[in-house]
Amino acid sequence: MKMKHINKILASALSVSMLMGGVLPALAAEGEVDAPIYSLDVIDVIVPTTYAVAFNPEELQVKTGDSTNSNAQILSKNFGIINKSSKDKLIKVSLNVEDLNNGSGITFVDTEQDVDDAADGEYKIHLTVIPADGTEVKVGGNPATQTTAASDLNDVVMTGADSKAVTLKDGANLVGFKLDKATWTPKTGADVTLGTTNSNNVSSNYEVTALAAGGKGITAFTFGGKMNKNADWFKLTKGIKITVVYDSVTASSDTTAVSGTGAMVLDIAPTFATGRAIGQIKYSAGIGDNGLNEIKKVEMRYTDGNLYDIYHASGKNWPAATDESGVITLSSQALSLFASFGPVVETIVTYETNNGTEKTAKVNVLLEIVSEAPTFTTGSGLGQINYTTGFGDDGLKEITKIEMNYAGNPYDVYHSGSSWSAATDESGVITLAADTIALWAATGATFEATVTYVTNSGETRTASLDVNVK
């Protein structure tokens with residue numbers, strides 16, 4: 001009896017199970033989604049537009065401001081740098097020092113003591129760049145903001161970290177500054193919306209609303225030093241040229257400022273880039289522990305799959321490359337072996353840093369004199385410009401501005417203006433900011449844009465195209 005009862009229960013359960021299976025709907029097909037990766041990368045580093053520096057060996061009284069005078073031997077305004085970008089930036093500042101008095105014998109020495117020890121008549125200068133200390137740099141006596149213009153940085157208020165001054169020598173010098181990213185918030189009416197916004201690049205949906213807190217988005221530097229007073233500087237008919245060139249890269253997480261300064265970085269890795277001539281590699285040595293100590297080899301991969309070092313000589317196969325003033329030129333004999341690879345071939349540079357670490361960098365090398373100008377065409381999206389960089393002497397080195405007319409006047413819409421944000425420039429696509437598009441869309445649907453750019457040979461050129469704004 002007991003077994004029969006159990007069997008009845010099992011049979012009953014089985015019947016219910018079968019009944020439920022009969023009424024269940026068929027399973028839906030598997031779903032899939034192309035999920036975007038929301039990100040913005042707006043590069044907007046603001047630097048001075050003019051510089052005021054003078055050498056004053058006789059310590060004459062010189063007016064330096066509306067109510068200030070100075071007798072310093074090296075007179076200089078304070079020059080500001082602001083990071084309005086959406087990422088932390090390492091701003092590399094190249095300072096090239098050149099005596100314009102041919103054969104004058106000016107020597108840029110290592111220390112003030114070298115100046116003190118100079119004999120009468122010796123043109124000796126200890127020239128330094130002095131970074132701001134950790135106190136906040138001010139503009140016109142007030143904290144900088146996201147609306148601070150480049151022209152406001154020509155003379156800022158800073159306290160110099162004199163003990164951290166860096167000596168500048170004749171020729172190329174390099175210092176760096178690490179500045180924190182600005183605050184970017186959604187623009188009104190341009191929210192990034194889950195399920196609706198499907199592009200990865202959402203830069204045009206955001207705008208800069210504040211610099212990094214605590215003065216971490218601004219820094220400054222000035223020039224200082226000492227000169228030998230016992231030389232006849234009056235005999236010199238020309239001055240000293242200081243060329244300032246800025247470059248910025250996204251700062252790595254371990255980039256730190258020198259203690260006692262607000263932002264100065266003295267540890268910068270070398271860079272390697274394609275040269276303009278056949279077989280050339282341009283490079284900068286960097287500074288500090290990660291700077292370049294020695295290039296160990298430059299390799300190309302041959303058809304047998306093996307890497308061959310063409311920086312050094314290889315018996316009768318090829319002579320060593322030349323390496324001078326930041327330019328490596330590979331031998332024509334070595335390059336001829338790789339000529340069948342096409343006009344451009346990848347090389348691997350192995351180098352040793354100043355702290356003894358071995359690292360590698362990849363860089364393309366031209367095997368033929370091939371030159372192609374960049375192209376600029378109307379993009380598929382609103383405010384978009386597609387472009388190719390070209391290569392060789394005619395190739396694109398830098399876009400300096402993109403102008404569109406408004407009420408009869410040209411305005412640069414590539415950089416930020418008083419009423420619009422900077423355009424984004426990523427992977428061959430320039431996208432004008434949403435507020436830029438809105439301004440121009442109020443008066444038309446398509447506008448002609450003029451792109452001004454610099455070629456690899458240093459020539460400034462322009463290209464025109466239409467841009468859709470609505």
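Residues numbered from 1 in each chain as written. Predicted model: local features only at pLDDT ≥ 70, side-chain atom pairs only at ≥ 80, totals over all residues. Heavy atoms only, no water.

J.: Please provide a residue-by-residue account of the packing of aromatic side chains, values included.
T.: Taken as a whole, this structure holds 17 aromatic pairs when the rule is applied. When the ring of Tyr411 is compared with that of Trp420, the centres are 5.9 Å apart and the planes differ by 90 degrees; the resulting orientation is edge-to-face. Exposure remark for Tyr411: the relative accessible area of 32% places this residue in the partly exposed category. The class of Trp420 is buried, set by a relative accessible area of 11%. (Phe/Tyr/Trp six-rings, centres within 6.5 Å; stacked < 30°, edge-to-face > 60°. Buried < 20%, exposed > 50% of the residue type's maximum accessible area, 1.4 Å probe, protein only.)

J.: Account for the sheet that holds strand E29 (residues 396–406), with residues named and values stated.
T.: Pairing is antiparallel in the open sheet, where 4 strands are placed in the order E30-E29-E33-E34. One side of each edge strand has no neighbouring strand; the edge strands of this open sheet are strand E30 (409–412) and strand E34 (460–468). The average undirected angle you get between the axes of adjacent strands in this sheet is 30 degrees. In terms of strand pairing, E29 meets E30 through 4 bridges, oriented antiparallel. (Pairing = 2+ DSSP bridges. Helix = DSSP H or I, 4+ residues; strand = E, 2+ residues; numbered from the N terminus. Axes fitted to C-alpha atoms, helices over the stretch in contact; angles between N-to-C directions.)

J.: A description of a nonpolar patch on the surface should follow, citing residues and the corresponding values.
T.: A cluster of nonpolar side chains, Tyr302, Leu337 and Phe341, forms an exposed patch at the surface whose accessible area comes to about 230 Å². Turning to its location among the elements, Leu337 is positioned in the loop between helix H3 (332–336) and strand E25 (344–353). (Patch = residues over 30% accessible without salt bridge, like charges linked within 9 Å, V, L, I, M, F, W, Y side chains within 5 Å. Areas by Shrake-Rupley, 256 points an atom, 1.4 Å probe, with all protein chains shown as cover. Salt bridge = Lys/Arg side-chain N within 4 Å of Asp/Glu carboxyl O.)

J.: Tell me about the environment of Ile385, and please be specific about residues and values.
T.: Its location among the elements puts Ile385 in strand E28 (residues 384–388). C-alpha of Ile385 to C-alpha of Ser163: the two residues are 222 residues apart in sequence and 48 Å apart in space. For Ile385, the contacting residues outside a window of four places in its chain are Phe376, Thr377, Gly379, Ile402, Gly428, Val429, Ile430, Leu465 and Val467. (Contact = heavy atoms within 4.5 Å.)

J.: Could you give an account of the pattern of salt bridges, naming the residues involved and the relevant values?
T.: Applying the stated criterion to the full structure yields 13 salt bridges. One salt bridge in this structure joins Lys178 and Asp180, with 2.8 Å as the shortest N-O distance. Where Glu459 meets Arg461, a salt bridge forms, and the shortest distance between an N and an O atom there is 3.2 Å. Given a relative accessible area of 39%, Glu459 falls into the partly exposed group.

J.: Explain the environment of Leu292 to me, and be specific about the residues and the numbers.
T.: Considering the arrangement of structural elements, one finds Leu292 in strand E21 (residues 292–301). Taking relative accessible area as the criterion, Leu292 reaches 15% and is therefore assigned buried. Taking the C-alpha atoms as reference points, Leu292 and Ile268, separated by 24 residues in sequence, lie 9.1 Å from one another. Residues in contact with Leu292, not counting those within four places in the same chain, are Pro270, Tyr283, Ala285, Tyr351, Glu352 and Asn354.

J.: Outline the confidence of the model for the chain, listing residues and values.
T.: The predicted model of the chain averages 89 in pLDDT, with 94% of residues at 70 or higher. Here residues 1–21 is a poorly scored stretch, pLDDT under 50, and it has 0 contacts once near neighbours within four places are set aside; other chains count. (pLDDT = per-residue confidence, 0-100.)

J.: Describe the side chain of Asp133, with residues and values.
T.: One can find Asp133 in the loop between strand E9 (124–131) and strand E10 (138–139). Residues in contact with Asp133, not counting those within four places in the same chain, are Thr159, Gly160, Ala161, Gly260, Thr261 and Gly262.

J.: Could you give me a rundown of the sheet that holds strand E24 (residues 327–329), with the residues and numbers involved?
T.: Spatially, the 4 strands line up as an open sheet ordered E19-E20-E24-E23, and their pairing is antiparallel. Edge positions in the sheet fall to strand E19 (271–274) and strand E23 (322–324), since each has one partner strand and no second. For this sheet, the mean angle separating the axes of adjacent strands, direction not counted, is 20 degrees. Of the pairings in the sheet, the one linking E19 to strand E20 (residues 280–284) comprises 4 bridges and is antiparallel in character. By the bridge assignment for E20, Thr274 is matched with Ile281.

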